[in-house]
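Descriptive analysis of the structure
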Amino acid sequence: MKYFTKQWFEENQLSNYLFFLVTMGDWEEEKAYYREYGIDLEQERKMELQRDRDKLLKFLPKEFHPYVLDGSIIEGSPSDKLRSLARNWLEHFDTLTNEKFESCAADFIAAKSKLSKTVSDLFDSSFHDAIIQTIERNAEQTCTIKLNLENTYHEMDMLTITFIGVSEFASTAPVRNGSWWLYEEISIVEGGFRLSVLFDSPLAEFSIVAKDVVIKSK
């Protein structure tokens, strides 16, 4: 994928650590709030740090590493220096992310004149948060994906997309029933178009090349 890669998504998820540092109010009030729901916030954050430590060290600049290693990145009262580092990194990451969305949208607009009207209309709005009900590859160079759209901004509840003239089909992890559609990219390739989708559950970069699509909705 060109824009919405697994690495970008993991970075985006880890930015929650830094957002917490920048926006956090009174630490004791925060802990008391979670305690009402039976949650020990300090213990929860220690477990999260243990789980994500390697990713934080991989994605965050070296200036953050001491705070990750000594655990202060999850403390209730971060230093002014750490808070400033977090704010600057978040602003930079948000700028890059906005540029990705703008570039992806511009690429789609540029490609629309070369796409069939069915494909152009289908992907004019994002399928973000759609859930795969079924996905089937058929022998006749077709692939059918049935989507639950109840969590999206689309008016219909269910949509079946059949890709025709499929020449490529690839995924970094199995896309299956229950996988969540996160972000899509459309590009023109010889003989048709390429749809690239970032899925979650499991996190996967999915790609399919086809000549056209047939859609059924309800």
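Scroll up a little and you will see the structure.
Please read all numbers here as calculations on a predicted model, not as lab measurements.

A few points about the overall build of the protein chain
- What the protein chain contains, in helices and strands, is six helices and eight strands.
- Scanning the protein chain from its N terminus toward the C terminus, one meets helices and strands in the order α-α-α-α-α-α-β-β-β-β-β-β-β-β.
- Summarising its shape, the C-alpha atoms of the protein chain cover approximately 60 × 35 × 30 Å along the three principal directions.
- Residues counted as buried form 41% of the 218 residues belonging to the protein chain.
- Put simply, of all contacts in the protein chain between residues at least 6 apart along the chain, 59% involve residues at least 24 apart.
- Element-wise, carbon and sulfur atoms account for 47% of the exposed surface of the protein chain, whose accessible area totals about 12,600 Å².

Quick notes on the nonpolar core
- One finds F123, F127, L147, F163, W181, F193 and L195 to be the most contacted residues of the largest nonpolar core, which totals 31 residues.
- When contributions to this core are tallied by element, the ones reaching two or more residues are α5 (80-111), α6 (117-122), β1 (131-138), β2 (142-148), β3 (158-164), β5 (180-189), β6 (192-200) and β7 (204-210).
- Each residue touching L147, except ones within four places of it in the same chain, is listed here: F127, A130, I131, I132, Q133, D157, M158, L159, I161 and W181.
- In terms of nonpolar packing, the next biggest core, distinct from the first, is built from 26 residues, L82, W89, C104 and L182 among them.

Regarding the packing of aromatic side chains
- Considering all chains together, one arrives at 17 aromatic pairs under this definition.
- Here the aromatic rings of W181 and F199 are separated by 5.5 Å at their centres, their planes lie at 75°, and the arrangement is edge-to-face. A residue pair is termed long-range when its members are at least 10 positions apart, and W181 in strand β5 and F199 in strand β6 qualify at 18 residues.
- For W181, a relative accessible area of 1% translates into the label buried.
- Overall, the relative accessible area of 1% leaves F199 in the buried class.

Calculation rules
- Residues numbered from 1 in each chain as written.
- Predicted model: local features only at pLDDT ≥ 70, side-chain atom pairs only at ≥ 80, totals over all residues.
- Heavy atoms only, no water.
- Helix = DSSP H or I, 4+ residues; strand = E, 2+ residues; numbered from the N terminus.
- Buried < 20%, exposed > 50% of the residue type's maximum accessible area, 1.4 Å probe, protein only.
- Contact = heavy atoms within 4.5 Å.
- Areas by Shrake-Rupley, 256 points an atom, 1.4 Å probe, with all protein chains shown as cover.
- Core = buried A, V, L, I, M, F, W, Y, C linked by side-chain atoms within 4.5 Å.
- Phe/Tyr/Trp six-rings, centres within 6.5 Å; stacked < 30°, edge-to-face > 60°.

Read these as spatial facts, not as claims about activity.
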